[in-house]
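Architecture and fold: a report
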2 protein chains.
Amino acid sequence: MSAPAKDETEFIVTPVSADDQPASGKRGTLEKEIPVFEELNHDAENTDSYNQNSITYLLANRFRDFGKKIRQYSITSADEPLIRYRKRLISKYESQNYDICENHLYVQEMEKQRQNKIRRLWMARWLIMFLVGLGVALVAVAVAMMIEYAAHLKFSILQKYFTNCAKDNCMYIPVLMWAGVNLVISVLAAALVTYVEPAAAGSGIPLIKSYLNGVRIPGLMSLRALIAKGLGVVLSVMGGLACGKEGPMIHSGAIVAAGLAKGRSRICKKDFNMFDSFRNDREVRDFVSGGAAAGVAAAFGAPVGGVLFSLEEGASFWNQSLTWRVFFASMISTFSVNVFLSSIHGHPTALSSPGLVSFGQFPDIKYDLLEIPIFFLMAVIGGLSGALFVFLNYKLTVFRQRFLAKKWLKVAETGLVGAMSAVLPFVLIYSVNQCYHPPSGDHGHGGSEGHGTGNPSQVYCKEGEQNIMSMIFLRTPESSLIGMLHAQPEEYNAIVLSIFIPLYFLLAVWTYGLSVSSGVFVPSLLIGASWGRLIGLGIAKIFPFLEANLGKYALIGAACQLGGTVRMTISLTVILVECTGDITFGLPMMLVLMITKWVGDFFDTSLYDMNVHVAGIPLLPWDPPAMSDNLKANDVMNAPVAVFRPVERIGRIVNTLRTETFCGFPVTEAQSDAVESCGRLKGLILRSQLTILLKNKVYAKEGSSIPKNIKMEDFRNEYPWTVNIEDITISDEEKDFVMDLRPYMNPFPYTIFKEVSLPRVFRIFRGLGLRHLVVVSDTNEVLGMVTRKDLARYRTEPKRGMLKMEILDIQ
Amino acid sequence: MSAPAKDETEFIVTPVSADDQPASGKRGTLEKEIPVFEELNHDAENTDSYNQNSITYLLANRFRDFGKKIRQYSITSADEPLIRYRKRLISKYESQNYDICENHLYVQEMEKQRQNKIRRLWMARWLIMFLVGLGVALVAVAVAMMIEYAAHLKFSILQKYFTNCAKDNCMYIPVLMWAGVNLVISVLAAALVTYVEPAAAGSGIPLIKSYLNGVRIPGLMSLRALIAKGLGVVLSVMGGLACGKEGPMIHSGAIVAAGLAKGRSRICKKDFNMFDSFRNDREVRDFVSGGAAAGVAAAFGAPVGGVLFSLEEGASFWNQSLTWRVFFASMISTFSVNVFLSSIHGHPTALSSPGLVSFGQFPDIKYDLLEIPIFFLMAVIGGLSGALFVFLNYKLTVFRQRFLAKKWLKVAETGLVGAMSAVLPFVLIYSVNQCYHPPSGDHGHGGSEGHGTGNPSQVYCKEGEQNIMSMIFLRTPESSLIGMLHAQPEEYNAIVLSIFIPLYFLLAVWTYGLSVSSGVFVPSLLIGASWGRLIGLGIAKIFPFLEANLGKYALIGAACQLGGTVRMTISLTVILVECTGDITFGLPMMLVLMITKWVGDFFDTSLYDMNVHVAGIPLLPWDPPAMSDNLKANDVMNAPVAVFRPVERIGRIVNTLRTETFCGFPVTEAQSDAVESCGRLKGLILRSQLTILLKNKVYAKEGSSIPKNIKMEDFRNEYPWTVNIEDITISDEEKDFVMDLRPYMNPFPYTIFKEVSLPRVFRIFRGLGLRHLVVVSDTNEVLGMVTRKDLARYRTEPKRGMLKMEILDIQ
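A few points on the structure. Nothing here was measured: the structure is a model prediction, and the numbers come from that model. (Residues numbered from 1 in each chain as written. Chains lettered and ligands numbered in written order. Predicted model: local features only at pLDDT ≥ 70, side-chain atom pairs only at ≥ 80, totals over all residues. Heavy atoms only, no water.)

**Considerations on the relation of the copies chain A and chain B**
Copies of the same chain, two in number, are related to each other by a rotation about an axis and a translation along it. Applicable threshold: The copies are overlaid by a least-squares fit using only the C-alpha atoms of residues whose pLDDT is at least 70 in both copies. Residue contacts follow a heavy-atom distance rule, with two residues in contact if any of their heavy atoms lie within 4.5 Å.
Rotating chain A by 180 degrees and moving it 0.0 Å along the rotation axis overlays it on chain B with an RMSD of 0.1 Å. Between the two chains, the operation in question is that of a two-fold axis. Scanning chain A for the C-alpha nearest the rotation axis identifies Thr779(A), at a separation of 2.3 Å. Both copies share a contact surface, since 99% of the interface residues of chain A are interface residues in chain B too.

Here you go:
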């Protein structure tokens, strides 16, 4: 059909790069770029390369070395300012493959696919969603139980020592015990994450969001990450860190879902061979949406909140029937957690424990229209405080990236934070000796279910009284939160609250971003509930006629603080409503969360988006960057690109794969009349397909018939792992063989013309969830390629009310 | 630049049709089509046409006459079986334009668009959403108040007569009064809709869904429709029809939103010139999503439910920032309704009336794990009953389309239903003389807020007792519903319920689909609550240990019946939870709604989808039809198409527009070497653009410079109305002038190759919300065009567990 390739030199393989590599050249119009390129030319010589003729390779290496250099000398070098932490993309993040490659094999398979298969797949999808719900519930309950028992043990011992040593004047014993235990456990927590699976750090929500946006993040969905996440969060909470166990549930849920969809695990070397039809990025993505929602549902007992979370924060691609399946998974998850926890707590049929965290029953309190302005004020405070949280944490994250990049340093920092999380509270308990005299029979509110709170500490207080600070600190953050929401007005007085709030705020800032599995929901809620309660105390003083209920203000404050940090509105409203089991405050909560978001967004992005930016993940937002209409596909594309011929020499394929970092290659036929183009587009083939074809030796001597001994299963069986080209050995004889790419390539890749504006390119790319978009001339000749990073690097964000277009570096 | 057109005959203007017209030819592979075409040839001669040379015109006319013929002779003719009501698409429905046409004018405008403009637009969007919320609330409150006062008047008079005439033996007076009043009012209701704006019929939800899917429905968003809808629903409810006022709120909300976005109304001839940037289908669509959500929020006091409704039932295109705006509109709407209603009811700051309908406070009831199987059983019943409702209503709708197509017949039928809605209840009140003796001081539950229920009728009962049937019927359906949910166990006994349920079921089936503005929510809930209560009575007999609370079973039954009819899951759960103000039943409600949906879907589609199918609206579902991989773009496209040259003669433009029914025309340049193609694609121009250009006389003598005196505003000013080509007069001299289409055409229309499979075509079309998709050769020469109807006509639906691919007729 088409002329097979004859010689390597015939093909234009020229600078740069698709999907993996920073683009060069053609950027002259964008002034900001130029300095970077000038800097690059200085050390172009000392790059070592085994194929110095490839300009691409040279350039690629220059970039790589350049990056290394910055990292090496970052503390001292003058190059340092070049790392603009929020203004770069890391090139290692690839896109996922959502596009269905309708090649010959696929068509063959679809022809065989009948009625029954479709029905079986339909049922399998629901079944997997059921299993996801159940699996997530099991993980959640296991984590919750471990924390419950360990916390009971830890805090009851500490409480006893505190009370006894106050009398015997041996306070150094409990404080050393406390700090020591925290130090050891939090070091373990950090080591687990740092050395086993770094992708398990933090709450995982920013990474899940990126994953659902179409970014491939190595290790994120591995069983190893699940273990590091689940066990890690138990250790983090027990290590006394200011964190909750809810955020990590979302990541855990996503991993469970991805694992069930793939039906295999790399670590166990086990292939269950259940539903191999789901082994592609598109299907796994849908299950992961369900898993994340089920995670929220399990954590907060909020099935609708889970779906909305998945929608508002997570999903970038959505579909009605997916909504129903996601909803089903969330429902099963909440229901199972409810049944399991109710059984464990001894009343199996009452279904009284829908989620891991419960805010407890609120008595019948209402709000009045006159209180709405006060709530609005609180929303503004929440927005400001949340923005401050994000700002401080951003500075800290950058500091960590620059100075604490070494693994042992990360672990050490966590140990320090763990110890400080014992020492600082101790200082407060010791110095702020405020006492609370509970009415007889009242042992403090909330957390009655074994969080070790049944017996708060007396410390230096009189017999029958409790030290208020110890009521906050000698508990898990969750039971402190419940206490803060439900306590009597006298329990936490203004003095205690105004000392506690700033301290805990700083502790929470310090904790978030440590290399441990931890969530920011509960500490944020706790901070918010505390200042909400403080405001409530003030209101009760100033407007006694309002009969201010402190629990109400604590709840609104909690919502404001969390909303200001994570900038969720609708899903957070529903989560909080489902979590309190009370819809009364739904409406004011919505109003304040909306205002909180506006106030917060005026200053910076949400905590999660900040994380995504600092990590340099090429997340594609919903809308194209504003004011980018003057940019054309021409300006943003990578050009020229490496191309293959429909029947290609093995030697050239291997060579190109080894020297180029592209993930996709247009397949073209040479055009006699066109000089500057790479030939007329015939299809697109992925690196992952080529390596599998090479591994299976789907090639033959030129002229002889090419074997077609490969099936769709062979491709699916490699999912999600990729074969590394370096691992494939090709003999010199084989290098002269040829491979027919036509049955395997995607025959109809998406294309655009070079004059198309960036917003239009963006809408196509984002709307269809693409990985490669080929730029062609109007006779369909390949001119270049647009990939995720080429679009993600243009970012327009409103900040302090101003819009600014930024062009990110790719490192 | 390019050669101007010389002669009409030079261009290939050939059979068929894009967007508006059934495709002909090229369909040989699809056997089902052939009979239709054979029939067509018979009466090809007697079509009258002013341009009989145009085969397209002939064909178009044949189709039109063919349709007419069927309608004329439908009762007797043998052609009759050709109308397959659920298996056809009506060709009058066009697509909306979501694609941004990046032509010269747009680029010019965008270059001028700065920072400030973007910020102003951002604020304007939020402001409009605020106004939408407020406007919807006002409409909702106005409707609710009118119904409240009128119902109080009507039923208090009727109740008095019933009680008095039972003593005086003059029962004919109240029954004649009742029937007469119903007859008159329901005839008015029907006349208002039928003669003023037929698009206001029914709940409007199927049409809103279609609108949001991208179908243009004439009159749907007009002020006239709002009046017919709002006033119509008052009349329908007062006319005694078995319908509620909630569904129409959604349509009303959508109209308010569309009107505010456009800032003008055709009827008032008023142009407020507020935000003319929003005068395009894309922006209006987003506001309509918000309006529909705000409608739900106002009707049920369910802001989150509104957003979810808009998502689950309505939206086909979604986006995170839209979620926030939609949520904002819903919130404002609920909040405003709350403030207005609370003020009207005399306690303005208590915020006690979040929605129009309230299910009242449920006492503190719980459910037990053991009750879950009973709920599941109820879900199955709900699914079956809902499927039966849809089936019966489908048969009735088809009957109506065939035999009751005339306007006066529609009005007469409504009058009959209105009268029957008085006579049948009267028969029941008269014959089923069951009495209830309320404990002293108890005047029946719920509806205490002026729905005329304070004084139920004694009829033939003893002094101090009430006739149970009259407690159901001498009220608005809404207050009957509240009664059914909250009544004492003795109030409605098994005899009354088992007679009431089938009768009301049939009445509701008969009512839905009448040419009045009416909602199906409340009647469905009432039916469900009734059989739920009946089941509860049974459970209480059989399992006395469960302490069955009848309100609980009534609530679950109501959810099941409504779920079985409309097949919503997540949004219905949230709406019901927000409406009851009680989250306890959230989880079991979700479970039963999921099962209800599965059971119902086994038999048929939802009521709304049935409506969409019968109306022949080309709705594009979320996923491509299954088992359609063997169809290629080639098979589904319209070919050949009418094309224009970049510089085109006016005569030919006018001629083509008059003879063809296309809405979009590729602009091509002739290729010397290609025989079968229509030339190389240069752009796409819409009929609506051409008519505006013609109206503004943007043309000149050949050779002279073409005037460019037209701006974006001129296009926007016509939105959403289209200029009819018949209204434009072109002198004979002008016909030889030429128009340069290049500055106005869309220079980069979306294209695909002819070998691309239908699922891929579908995904591009659906994912990007297109109107025209041009099929090109691999040298970019136009081969054909794919439009909405070409894709919507392939439908694969599971029915009774089997998948069947249908190919719909286009009529």
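So that's the structure; there's more coming.
**Notes on the environment of Glu283(A)**
Residues and elements named next belong to chain A. Short version of the rule: Secondary structure elements follow DSSP: runs of H or I of four or more residues count as helices, runs of E of two or more count as strands, with numbering from the N terminus.
With respect to the helices, strands and loops of the structure, Glu283 is situated in helix H9 (residues 281-300). Between the C-alpha atoms of Glu283 and Asp609, which are 326 residues apart in sequence, the distance is 25 Å. Aside from chain neighbours lying at most four places away, what touches Glu283 is Arg125, Ser277 and Phe278.

**Quick notes on empty space enclosed by the protein**
Rule in force here: The definitions used throughout rest on a 1 Å grid laid over the protein atoms alone, on which a cavity is an enclosed set of points accommodating a 1.4 Å probe that cannot get out and a pocket is an open set flanked by protein within 12 Å on both sides along at least five of seven lines; lining residues are those having an atom within 4 Å of a point. Grid points are joined across faces, edges and corners, and a volume is the space filled by probe spheres set on the points.
Counting across every chain of the model gives 11 cavities of 30 Å³ or more. Empty space within the largest cavity amounts to approximately 380 Å³. Every residue lining the largest cavity is counted, 26 residues in all, and those nearest its centre are Thr751(A), Ile752(A), Tyr750(B), Thr751(B) and Ile752(B). Counting residues per element, the ones that place at least two in the lining of the largest cavity are strand S12 (751-753) and helix H26 (758-768) of chain A together with strand S12 (751-753) and helix H26 (758-768) of chain B.

**A short note on the state of the cysteines**
Put simply, the test is: Count a disulfide wherever a pair of cysteine sulfur atoms falls within 2.5 Å. Partly exposed residues are those whose accessible area sits between 20% and 50% of the maximum for their type, while under 20% is buried and over 50% is exposed, using a 1.4 Å probe and protein chains only.
Per the stated rule, a full pass over the model turns up two disulfides over all chains. The disulfide partner of Cys165(A) is Cys170(A), and the gap between their sulfur atoms is 2.1 Å. Across the S-S bond linking Cys165(A) and Cys170(A), the dihedral sits near -90 degrees, which makes this disulfide left-handed. Relative accessible area serves as the criterion here: at 3%, Cys165(A) is assigned to the buried category. No disulfide involves Cys663(A); its sulfur sits 15 Å from the nearest other cysteine sulfur, which is in Cys101(A). Cys560(B) carries a free sulfur, and the closest cysteine sulfur to it, the one in Cys579(B), is 16 Å from it.

**Re the pairing of strand S13 (residues 772-776) of chain A**
Residues and elements named next belong to chain A. What counts here: At least two DSSP bridges between two strands are required for those strands to pair. Orienting the strands away from the viewer, one traces the path from the first strand over the helix to the second; a clockwise path indicates a right-handed crossover.
S13 sits mainly inside the fold: five of its five residues count as buried. Where S12 lies against S13, three bridges are found, and the strand directions are parallel. Within the sheet, the bridge partner assigned to Thr751 lies in S13 and is Val774. Taken together, S12, H26 and S13 form a β-α-β motif whose crossover is right-handed. Where S13 lies against strand S14 (residues 782-787), five bridges are found, and the strand directions are antiparallel.

**Structural notes on the pattern of salt bridges**
Just so we agree on the cut-off: Any Lys or Arg side-chain nitrogen located within 4 Å of an Asp or Glu carboxyl oxygen qualifies as a salt bridge.
Taken as a whole, this structure holds 43 salt bridges over all chains when the rule is applied. Notably, a salt bridge pairs Asp281(B) with Arg216(B), separated by 3.0 Å at the nearest N-O pair. Placement of Asp281(B) in helix H9 (residues 281-300) and of Arg216(B) in strand S3 (residues 215-216) is noted, with a sequence separation of 65 residues between them. You can call Asp281(B) buried: its relative accessible area is 4%. Arg216(B) sits in the partly exposed class, given a relative accessible area of 23%. Salt bridges sharing partners connect three or more residues here, namely Arg567(A), Lys597(A), Asp601(A) and Asp604(A).

**A closer look at the sheet that holds strand S13 (residues 772-776) of chain B**
Residues and elements named next belong to chain B. Let me state the cut-off plainly: Here the axes come from fitting lines to C-alpha atoms, over the contacting stretch only for helices, and the angles between their N-to-C directions go from 0 to 180 degrees.
Read from one edge of the open sheet, three strands run S12-S13-S14, paired in mixed fashion. Single-partner strands in this sheet number two, and they are S12 and strand S14 (782-787). Strand-to-strand twist across the sheet, computed as the mean angle between neighbouring axes with direction ignored, equals 35 degrees. Against the sheet, H26 engages S12, S13 and S14, with an angle of about 140 degrees to S13.

**Here's the deal with a nonpolar patch on the surface**
For the record, the criterion: Patch membership is restricted to residues that have no salt bridge and whose relative accessible area is over 30%. Joining uses 9 Å for like charges and 5 Å for the nonpolar side chains Val, Leu, Ile, Met, Phe, Trp and Tyr. Using the Shrake-Rupley algorithm and a 1.4 Å probe, accessible areas are obtained, with residue cover drawn only from the displayed protein chains.
There is a patch of nonpolar side chains on the surface, built from Val380(A), Leu384(A), Phe602(A) and Phe603(A) and spanning about 310 Å² of accessible area. Structurally, Leu384(A) can be placed in helix H12 (residues 372-403).

**Brief notes about the side chain of Asp740(A)**
Here is the rule: N or O atoms within 3.5 Å of each other form a polar contact, as long as, within protein, one can give a hydrogen and the other can take it, and as long as residues adjacent in sequence are counted only when both atoms are side-chain atoms.
Inspection of the secondary structure assignment puts Asp740(A) in strand S11 (residues 738-740). At a separation of 2.9 Å, a polar atom in the side chain of Asp740(A) contacts the side chain of Arg742(A).

**Points about unusual backbone geometry**
Positive phi is not limited to glycine here, since Asn780(A) has a value of about 70 degrees. Under the relative-accessibility criterion, Asn780(A) is labelled buried at 5%. Here Arg567(B), not a glycine, exhibits a phi torsion of approximately 55 degrees, which is positive. Mapping Arg567(B) onto the fold places it in the loop between helix H18 (550-566) and helix H19 (570-580).

**Brief notes about the packing of aromatic side chains**
In plain terms, the rule: To pair, rings of Phe, Tyr and Trp, with the six-membered ring standing in for Trp, must have centres within 6.5 Å; the planes then decide the type, stacked if under 30 degrees apart, edge-to-face if over 60, and tilted in the middle.
Applying the stated rule across the entire model yields 42 aromatic pairs over all chains. Relative to Phe403(A), the ring of Phe399(A) has its centre 5.1 Å away and its plane inclined at 50 degrees; by these criteria the two rings are tilted. Of this pair, Phe399(A) and Phe403(A) both sit in helix H12, four residues apart, which is roughly one turn of the helix. The exposure class of Phe399(A) is partly exposed, given its relative accessible area of 42%. Ring centres of Trp126(B) and Phe328(B) lie 5.2 Å apart, and the angle between their planes is 75 degrees; on these two criteria the pair is classed as edge-to-face. One end of the pair, Trp126(B), is in helix H4 (residues 115-168); the other, Phe328(B), is in helix H11 (residues 320-344), with 202 residues separating them in the sequence.

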